[in-house]
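Per-entry structural report
In case you want the letters, here they are:
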Amino acid sequence: MVALYPAKDNILMTHDFISLAIIALVAALAPIVANLIPRKPVPETVLLLVGGAVLGPSMVNVIWLDESVQLLSELGCAMLFLLAGYEINPKTITGREGKRGLATWAVTLGLAFIAVHAFTGVSARGMDGLAVTIALTTTAIGALMPILKERGLLETRIGSSILSYGTWGELGPVLAMALLLSTRAAWQTVAILIGFVAIAVLVARFGHQTTQSDGRVYRILFEGRETTSQTFVRVTMLLLIVLVALSSLFSLDIVLGAFAAGFILRYVIPEGDHRLESKLDAIGYGFLIPLFFVISGAKIDLTAVASQPMLLVGFILMLLLIRAVPIVVSMMRDKDPEVVELGPRNHLTVAIYCTTALPLIVAVTTVAVNAGAMEASTASVFVSAGALTVLIMPLLASITYRVVEAHPIERIRGRWSGSLSSEDDENVPPEQREDDGR
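In what follows, the accompanying structure is described. Numbering of residues begins from 1 in every chain and follows the order in which that chain's sequence is written. The predicted origin of the model limits local features to residues at a pLDDT of at least 70 and limits the giving and counting of side-chain atom pairs to 80 or more, whereas totals for whole chains, interfaces and linings rest on all residues. Note that the side-chain values use all heavy atoms of the structure and ignore hydrogens as well as water.

Re the nonpolar core
Only buried residues count toward a nonpolar core. Its members are Ala, Val, Leu, Ile, Met, Phe, Trp, Tyr and Cys residues joined through side-chain atoms within 4.5 Å. For every residue, the accessible area (1.4 Å probe, protein chains only) is compared with the maximum for its type, and the residue is labelled buried under 20%, exposed over 50%, or partly exposed between those bounds. By size, the foremost hydrophobic cluster in this structure holds 127 residues, and its most contacted members are Ile 162, Leu 240, Phe 259, Phe 293 and Phe 315. Among residues more than four places away in sequence, those in contact with Phe 259 are Phe 81, Ala 84, Gly 85, Ile 88, Ile 141, Glu 170 and Leu 171. The criterion used for residue contact is that any of the two residues' heavy atoms lie within 4.5 Å.

Regarding helix 5 (residues 96-119)
Taking 1.5 Å per residue, 24 residues should reach 34 Å; helix 5 reaches 34 Å between its end C-alpha atoms and fits that length. Comment: elements are numbered from the N terminus, with helices defined as DSSP H or I runs of at least four residues and strands as E runs of at least two. Residues of helix 5 that are buried: Glu 97, Gly 98, Gly 101, Thr 104, Trp 105, Thr 108, Ala 112, Ala 115 and Val 116. On its buried face, helix 5 is in contact with helix 4 (90-94), helix 6 (127-135), helix 8 (157-180), helix 15 (309-333) and helix 16 (337-353). Helix span, as expected, comes to 1.5 Å for every residue beyond the first.

Details of the environment of Leu 396
By secondary structure assignment, the location of Leu 396 is in helix 18 (residues 376-406). On the basis of relative accessibility, which here comes to 36%, the residue Leu 396 falls in the partly exposed class.

Observations concerning a nonpolar patch on the surface
A cluster of nonpolar residues, Leu 25, Leu 29, Ile 32, Val 33 and Leu 36, forms a patch on the protein surface that exposes about 480 Å² of accessible area. Within the fold, Leu 36 resides in helix 1 (residues 4-36). In this scheme, patches are assembled from residues that exceed 30% relative accessible area and form no salt bridge. Like charges are connected within 9 Å, while nonpolar side chains (Val, Leu, Ile, Met, Phe, Trp, Tyr) are connected within 5 Å. In these tables, accessible area is a Shrake-Rupley quantity obtained with a 1.4 Å probe, and a residue counts as shielded only by the protein chains included in the view. What counts as a salt bridge is simple: a side-chain nitrogen of Lys or Arg found within 4 Å of a carboxyl oxygen of Asp or Glu.

Points about the packing of aromatic side chains
Aromatic rings from Phe, Tyr and Trp, with only the six-membered ring used for Trp, were paired whenever their centres fell within 6.5 Å, and each pair was classed as stacked if the ring planes differed by under 30 degrees, edge-to-face if by over 60, and tilted otherwise. Enumeration according to the criterion identifies four aromatic pairs in this entry. Here Phe 259 and Phe 263 contribute two aromatic rings whose centre-to-centre distance is 5.5 Å and whose plane-to-plane angle is 10°, an arrangement assigned as stacked. Of the two residues, Phe 259 and Phe 263 both sit in helix 12 (residues 254-268), four residues apart, roughly one turn of that helix. Residues Phe 259 and Phe 263 agree in their burial class; the two are buried. Their ring planes at 55° and their centres at 5.1 Å tell us that Phe 292 and Phe 293 sit as a pair that is tilted. With respect to burial, Phe 292 and Phe 293 carry one shared label: buried. Cluster of aromatic residues (ring-pair linked, three or more members): Phe 81, Phe 259 and Phe 263. Only lysine NZ and arginine CZ atoms are considered, and such an atom sits over a ring when it is within 6 Å of the ring centre and within 35 degrees of the ring normal. Taking NZ or CZ as reference, Arg 266 lies 4.1 Å from the ring centre of Tyr 86, over its face.

Brief notes about helix 15
Because an α-helix packs 3.6 residues into every turn, residues spaced three or four apart end up facing the same way. Taking 1.5 Å per residue, 25 residues should reach 36 Å; helix 15 reaches 36 Å between its end C-alpha atoms and fits that length. One fitted axis covers the seven residues ending at a residue, a second covers the seven starting there, and the bend at that residue is the angle between these axes. At Ala 324, helix 15 is deflected by roughly 30°, the largest bend along its length, and proline Pro 326 occurs up to four residues later in sequence. Among all positions in helix 15, only Leu 312, Phe 315, Ile 316, Leu 319, Ile 322, Arg 323, Ala 324, Pro 326, Ile 327, Val 328, Ser 330 and Met 331 are buried.

As for the packing of helix 7 (residues 141-150) against helix 13 (residues 274-298)
Packed helices, taken two at a time, are described by the angle between their axes plus the distance between the axes. Lines fitted to C-alpha atoms define the axes here, with helix axes fitted over just the stretch in contact, and angles between the N-to-C directions of these axes take values from 0 to 180 degrees. Between helix 7 and helix 13, whose axes approach to 12 Å, the crossing angle comes to 125°. By the angle between their directions, the pair helix 7 and helix 13 is classed as oblique. In terms of crossing hand, the pair formed by helix 7 and helix 13 is left-handed. Contact residues: helix 7 offers Ala 143, Met 145, Pro 146 and Lys 149, while helix 13 offers Asp 281, Tyr 285 and Phe 293. For the contact of helix 7 with helix 13, the per-class residue count stands at five nonpolar, no polar and two charged. For classification purposes, angles smaller than 35 degrees are called roughly parallel, those larger than 145 roughly antiparallel, those between 65 and 115 roughly perpendicular, and all remaining angles oblique. By convention the crossing between two helices is left-handed if the near helix lies anticlockwise of the far one by an angle smaller than a right angle, and right-handed if it lies clockwise. Gly counts as polar in this scheme, as do all residues outside two lists: the nonpolar Ala, Val, Leu, Ile, Met, Phe, Trp, Tyr, Cys and Pro, and the charged Asp, Glu, Lys and Arg.

Written out as structure tokens, the structure is:
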């Protein structure tokens with residue numbers, strides 16, 4: 001009997017590798033297919049989700065959600081939020097617009113609570129109702145990062161506003177999950193959160209002091225980053241895995257630990273490091289993050305989604321009303337000249353981008369399903385709605401942004417004034433044109 005165990009383990013390992021090979025195939029084909037479509041209207045993320053859903057257990061059933069595959073998915077999610085946290089300047093969320101983003105998220109949470117209580121068949125105070133409430137307040141800033149990078153928006157004023165409002169749409173729900181969906185007493189959860197923050201601050205201070213002093217550790221870190229040691233990358237991955245492990249140990253969502261790792265990394269190297277960033281992008285976007293999206297898609301039960309279309313459409317419409325509208329109102333009431341200059345249509349663009357939701361919907365519904373408060377089929381509908389927002393919201397936002405950038409009225413006026421000035425130039429003597437600077 002003992003001799004059979006190695007053979008059994010080998011069969012399981014082969015099973016996992018076949019599943020992983022198919023996931024990797026979807027990940028490799030997604031960017032190729034996305035680039036073959038004219039103007040790239042469909043983000044790669046959507047293709048990854050669709051590929052996972054079609055090949056997952058509810059359809060073709062060639063992607064199997066075993067423990068090893070789930071672990072890779074969790075690492076991919078953690079890597080996604082590490083890179084998101086690293087991209088965010090702390091001033092973006094603690095500055096004036098960031099504070100407005102926090103206040104707007106709080107308003108969104110209140111509206112979501114009222115909507116769930118008034119328009120759904122679940123109790124807003126039950127775990128299922130709280131899960132739906134939190135899901136309606138989310139922004140998938142991690143999923144948005146690659147889209148914003150592809151479209152060249154990350155370094156723009158619009159990108160800054162998306163980060164200011166969207167980051168709180170990520171952090172707020174994570175904290176709400178810890179406080180509202182926890183089975184512990186509230187004071188225990190608060191104490192754990194304070195302890196976690198204290199650990200993160202200590203790690204950040206130690207890392208900052210290490211990199212600022214020209215000591216032996218500093219030299220080892222920076223001299224070994226271009227060798228086979230890849231010291232800085234290894235330390236970064238250690239930071240990520242340790243904080244994710246602490247989050248899991250404290251029964252917090254791993255997104256919190258991953259975000260904290262990204263913030264710490266940005267604090268340690270505030271000016272950034274292009275070589276480190278390129279290596280982390282290669283690990284994340286080249287391997288782990290695509291796996292996360294494919295596996296997330298494989299968790300979607302398409303038959304359950306098809307049987308509840310009104311719930312799917314209703315959830316997306318509620319997301320638009322509850323998440324997007326308060327952001328538009330907040331930006332339109334903002335007196336900052338830079339925000340005013342963006343104009344109403346760009347305010348709408350920011351709000352639509354911030355209505356993109358997915359990873360946290362997966363996390364929130366998973367907690368409710370594991371607690372027996374929500375049916376797996378219902379959770380599939382919510383996850384599918386989140387997946388659809390990754391397709392619909394960036395597409396809508398690109399349309400509104402393109403309209404704003406076109407400035408049709410101003411362009412007509414410019415052509416009209418230009419034609420008048422050219423006609424005037426024809427009637428002005430050459431010597432007068434020189435005097436006028438024409």
